[in-house]
Amino acid sequence: MTPTIVERNGKLLMLLGSPGGSTIITSVLQTILNVYEFNMPMQQAVDAPRFHNQWLPDDIMVEPGKFDKTTLEDLFKKNIPSTKN
């Protein structure tokens, strides 16, 4: 799903897409960022651990056993539900 074409300076950089229902957009985005911003080779970018912040229900999903404890604690601190005053 979500066939995506990414170019850089008018030249093809990558072709990608992802299955996964509500996680499709974050999977594609994280892969693009891994290649474009973190200079990972495509296979390493695809294999990298992923997380997904779901809006409804407000929940963060992570791949089990892929992130260290400190990263998980920092990630879950960011998922504090907002309060209305």
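The structure this text deals with has already been given above.
Before going into details, it helps to say that this report is about the structure given with it. A quick note: this is a predicted structure, and the numbers were derived from the prediction, not measured.

## Digging into the side chain of Ser18
Link 1 in the chain: Mapped onto the elements of the fold, Ser18 is located in the loop between strand E2 (11–16) and helix H1 (24–36).
Link 2 in the chain: Non-local contacts of Ser18, meaning those with residues more than four positions away in its chain, are made with Met1, Ile24, Ser27 and Val28.

## Topic: the pairing of strand E1 (residues 4–8)
Link 1 in the chain: Relative to E2, E1 is paired through 5 bridges, and the arrangement is antiparallel. Its bridge partner being in E2, Ile5 is matched across the sheet by Leu15.
Link 2 in the chain: With antiparallel pairing between neighbouring strands as the criterion, E1 and E2 make up a hairpin whose turn holds 2 residues, including Asn9 at a positive phi of roughly 55°.

## Description of H1
Link 1 in the chain: Between its terminal C-alpha atoms H1 stretches 18 Å, which fits the 18 Å expected from 13 residues at 1.5 Å a residue.
Link 2 in the chain: Every buried residue belonging to H1 is among Ile24, Thr26, Ser27, Val28, Gln30, Thr31, Ile32, Asn34 and Val35, and all of these are buried.
Link 3 in the chain: Of the surrounding elements, those touching the buried residues of H1 are E1, E2, helix H2 (42–47) and strand E3 (51–54).

## Quick look at a nonpolar patch on the surface
Link 1 in the chain: Residues Ile5, Leu12 and Leu15 make up a contiguous nonpolar surface patch of about 350 Å² in total accessible area.
Link 2 in the chain: Within the secondary structure, Ile5 is located in strand E1.
Link 3 in the chain: By relative accessible area, which is 64% here, Ile5 ends up exposed.

Calculation criteria
Residues numbered from 1 in each chain as written. Predicted model: local features only at pLDDT ≥ 70, side-chain atom pairs only at ≥ 80, totals over all residues. Heavy atoms only, no water. Helix = DSSP H or I, 4+ residues; strand = E, 2+ residues; numbered from the N terminus. Contact = heavy atoms within 4.5 Å. Pairing = 2+ DSSP bridges. Expected span 1.5 Å × (residues − 1). Buried < 20%, exposed > 50% of the residue type's maximum accessible area, 1.4 Å probe, protein only. Patch = residues over 30% accessible without salt bridge, like charges linked within 9 Å, V, L, I, M, F, W, Y side chains within 5 Å. Areas by Shrake-Rupley, 256 points an atom, 1.4 Å probe, with all protein chains shown as cover. Salt bridge = Lys/Arg side-chain N within 4 Å of Asp/Glu carboxyl O.

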